[in-house]
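# Fold and contact review
Given next are the chains, with one letter for each unit.
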Amino acid sequence: MSVQVFVAANAREGLARIRRVLGDDAVVLSTRPHPQGVELLASAYGDLAVQAVGEAPDAAGSSRILAELSRLRGMLQNQLAGFAWGAARRRDPARVAVMQTLFAAGFGSALARTLAARLPRGLDADAAQRWLRQVLIRNLPLQPREADLLALGGRYALVGSTGSGKTTALAKLAARAVDVHGATQVALVAADAYRIGAAAQLTVYADLLGVSLHVAENPARLASLLPQLASRKLVLIDTAGFAPSDPRTRESQALDGLGVRRLAVIAASQQGAAIEQAMTRFGEGAAACILTKLDEAPQPGAALDSLIRHRLPLAYLSGGQRVPEDLHVPNAGYLVDRALKGGQLATPYALDAEDWPLFAGVEAERAAHRNEHPKSTLKGMKA
Ligand SMILES: Nc1nc2c(ncn2[C@@H]2O[C@H](COP(=O)(O)OP(=O)(O)OP(=O)(O)O)[C@@H](O)[C@H]2O)c(=O)[nH]1
Ligand SMILES: [Mg+2]
């Protein structure tokens, strides 16, 4: 039997590739999580048939038989999941449609399964979709307007991955703050000691806005600078961007000890796994999130999924490069509609009707793995 290994960022991409390489009737033999997403073993259907009538296991060893058994187990599991998918669709079409809507829009399976399980019984398809929209809106954590960060003032550091839009968002926030408090009440701090030109980029904005700019090339300098800025209503600190896996990201936690609150700046235009990594690394312990590059995110579902699961309040949205125009206070209804509409886009990554049983098999395998290694909980979801 010729078995091929496919590694993809997610099950959807993997399945699309398998169909391209092995044909529409390819059989997924097994799946398992992989550092780059998911690993799928698949075979062309014809190859499986040859094996069934062909050679018997040789004496070369029990390990080969075990490997074969494990493949058969995967195959059976996927077939059963396929049947279960068909049965579920007949029995509870609204629930299945809710999951399809969420998957198509880029939401992940943990959230999709949790929500589908809470769908009230007896709703028709339209009512189920309305319920889904409302439940997403209710669960999207937004920074309360009465706790508006700019109005309250304080010391905030913008942290996030390289190029996520920290400096641009900081300039937009500073411009708003100048309108609210006046230029003398706002100070900017350039604490990005890694990127050449980082302070110069901020100087341009500081000059345009008429606010003071200070440079703190290390935490010790920042610690001695902050008391000098104690009278300012708002201090915005620009930090260096790092990949979430970079150990230097821990440096930003030193900010907490200085009484600085962190704002996680996360680009909605990244793939789901990158958003999740950024949310985990920069969002933990942060005061709020600023979601950027919404204009470059055709399917922002993954970003909303991550916000909902991490319960990180969304304070601002950035939908473009213009300073200060492209900064907005988030509206849950708009964001959810935008995400659900993204699921209707015709892209090469969208699943066809005949892909769903295969997809269900992959998801069933992942769910089994999650049950063996539980890590994310969705306690406290509002249904
Ligand atoms: N389309 C779009 N571009 C954006 C947005 N926000 C920032 N950018 C652009 O993204 C690029 C990087 O923005 P920066 O603000 O320099 O990002 P950064 O996080 O400070 O980058 P580093 O300091 O290098 O980590 C610039 O070209 C910005 O104009 C946005 O919401 N939409
Ligand atoms: Mg920057």
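Sequence order as written defines the numbering, with residues in each chain counted from 1. Whichever chain is written first becomes A and whichever ligand is written first becomes 1, with later ones labelled in order. Residues qualify for local features only when their pLDDT is at least 70, as the model is predicted, and side-chain atom pairs are given and counted only at 80 or more; totals for whole chains, interfaces and linings, by contrast, use all residues.

Our next topic: the overall build of the protein. Scanning the protein for helices and strands turns up 14 helices and 11 strands. Field definition: a residue is buried when 20 or more other C-beta atoms are found within 10 Å of its C-beta, exposed when 12 or fewer are, and partly exposed for counts in between, with C-beta atoms placed from the backbone. Residue burial in the protein is summarised as follows: out of 383 residues, 39% are buried. Contact definition: two residues whose C-beta atoms, as placed from backbone geometry, lie within 7 Å. Across the protein, every contact between residues at least 6 apart in sequence was considered, and the portion connecting residues at least 24 apart equals 76%. A run of H or I in DSSP counts as a helix once it spans at least four residues, and a run of E counts as a strand once it spans at least two, with each numbered from the N terminus.

The subject of this paragraph is helix H5 (residues 109-118). Every buried residue belonging to H5 is among Ser-109, Leu-111, Ala-112, Leu-115 and Ala-116, and all of these are buried. End-on, the buried residues of H5 take up no more than an arc of 160°, which puts them together on one face. Throughout, the arc means the angular range of directions from the helix axis out to the C-beta atoms.

Between helix H4 (residues 93-104) and helix H6 (residues 125-139), the shortest axis-to-axis distance is 9 Å and the interhelical angle comes to 45°. Of the possible angle classes, the one that applies to H4 and H6 is oblique. Seen from above, H4 lies across H6 with right-handed handedness. Touching Pro-93, Ala-94, Ala-97, Val-98 and Thr-101 of H4 are Ala-125, Ala-128, Gln-129 and Leu-132, all from H6. Across the contact of H4 with H6, the residue classes break down as seven nonpolar, two polar and no charged. Each axis is a line fitted through C-alpha atoms, taken for helices only over the stretch in contact, and angles between the N-to-C directions span 0 to 180 degrees. Roughly parallel means an angle under 35 degrees; roughly antiparallel, over 145; roughly perpendicular, 65 to 115; everything else is oblique. For a crossing to be left-handed, the near helix must be turned anticlockwise from the far one by less than a right angle; the clockwise case is right-handed. Residue type decides the class: Asp, Glu, Lys and Arg count as charged, Ala, Val, Leu, Ile, Met, Phe, Trp, Tyr, Cys and Pro as nonpolar, and the leftover types, Gly among them, as polar.

Right, let's talk about the sheet that holds strand E2 (residues 27-34) for a bit. Two strands pair if DSSP finds at least two bridges between them. An order of E1-E3-E2 is seen for the three strands of this open sheet, with the pairing classed as antiparallel. Two strands in the sheet have a free side with no partner beyond their single neighbour: strand E1 (4-8) and E2. Going across the sheet, the axis of each strand differs from the next one's by a mean of 20°, ignoring polarity. By the bridge criterion, seven bridges tie E2 to strand E3 (residues 37-43) in an arrangement that is antiparallel.

So, on to the pairing of strand E9 (residues 288-292). Counting buried positions along E9 gives five out of five residues, so the element sits mostly inside the fold. The side-chain alternation of E9 yields two buried faces, one formed by Ala-288, Ile-290 and Thr-292 and the other by Cys-289 and Leu-291. Examined bridge by bridge, strand E8 (residues 261-267) and E9 share five bridges and lie parallel to one another. Its bridge partner being in E9, Ile-266 is matched across the sheet by Leu-291. In this fold, E8 hands off to helix H11 (residues 272-283), which returns the chain to E9; that crossover is right-handed. Of the pairings in the sheet, the one linking E9 to strand E10 (residues 314-318) comprises three bridges and is parallel in character. By convention, a crossover is right-handed whenever its connection, traced from the first strand over the helix to the second and viewed with the strands pointing away, goes clockwise.

An order of E6-E5-E7-E4-E8-E9-E10-E11 is seen for the eight strands of this open sheet, with the pairing classed as mixed. Strands with a single pairing partner mark the edges of an open sheet, and in this sheet they are strand E6 (212-215) and strand E11 (327-328). Pairing geometry for strand E5 (residues 186-191) and strand E7 (residues 234-239), over six bridges, is parallel. Of the residues in E7, the one forming a bridge with Leu-188 is Leu-236. Contacting strand E4 (154-160), E5, E7, E8, E9, E10 and E11, helix H8 (residues 166-181) crosses the sheet at an angle of about 170° to E7. Helix-sheet contacts for H11 involve E4, E8 and E9, and the interaxial angle to E8 is about 175°.

We now examine the site of ligand 1. The criterion for a residue being near a molecule or strand is simple: its C-beta atom, placed using the backbone, must lie within 6 Å of it. Neighbouring ligand 1 are 21 residues; Gly-165, Thr-167, Thr-168, Gly-241 and Ser-318 lie closest to it. Here the residues of the shell around ligand 1 sort into one nonpolar, 13 polar and seven charged.

Under the definition applied here, buried Ala, Val, Leu, Ile, Met, Phe, Trp, Tyr and Cys residues are grouped into a nonpolar core through C-beta atoms within 7 Å. Core analysis: the largest hydrophobic core is formed by 84 residues, its most contacted members being Ala-174, Ile-266 and Cys-289. The greatest single-element share of this core, amounting to seven residues, is contributed by H8. Once you skip the residues sitting within four places of it in the chain, Ala-174 turns out to touch Val-186, Leu-188, Tyr-205, Leu-209, Val-211 and Leu-236. If you look at the next biggest cluster of nonpolar residues, it comprises 16 residues, including Ala-11, Val-28, Val-38 and Phe-359.

Put simply, H6 and helix H13 (residues 332-342) touch, their axes get as near as 9 Å, and they point 130° apart. Judged on the interaxial angle alone, H13 and H6 are oblique. In this structure, the crossing between H6 and H13 has a hand that is right-handed. Note on element contacts: H13 touches H6 through Ala-332, Gly-333, Val-336 and Leu-340, opposite Arg-133, Leu-136 and Ile-137. Residue composition of the contact of H6 with H13, by class: five nonpolar, one polar and one charged.

The next point concerns the environment of Ala-11. Mapped onto the secondary structure, Ala-11 falls in helix H1 (residues 11-22). Expressed as a C-alpha distance, the spacing of Ala-11 and Gly-37, which sit 26 residues apart in the sequence, is 7.9 Å.

Let us look at the confidence of the model for the protein. Here the protein shows a mean pLDDT of 87. Residues at 70 or above account for 87%. The score called pLDDT rates the predictor's confidence residue by residue, from a low of 0 to a high of 100. Mean pLDDT per element in the protein: helix H2 (residues 45-53) is the minimum at 57, and E9 is the maximum at 98. Long-range and interchain partners of residues 51-55, a stretch whose pLDDT sits below 50, account for one contact in this model, where long-range means more than four residues apart.

As for its position among the elements, Met-279 is in helix H11. As a C-alpha pair, Met-279 and Ile-266 span 13 residues in sequence and 7.3 Å in three-dimensional space. When near neighbours in sequence (up to four residues on either side) are disregarded, Met-279 contacts Ile-266, Ser-306, His-310 and Leu-312.

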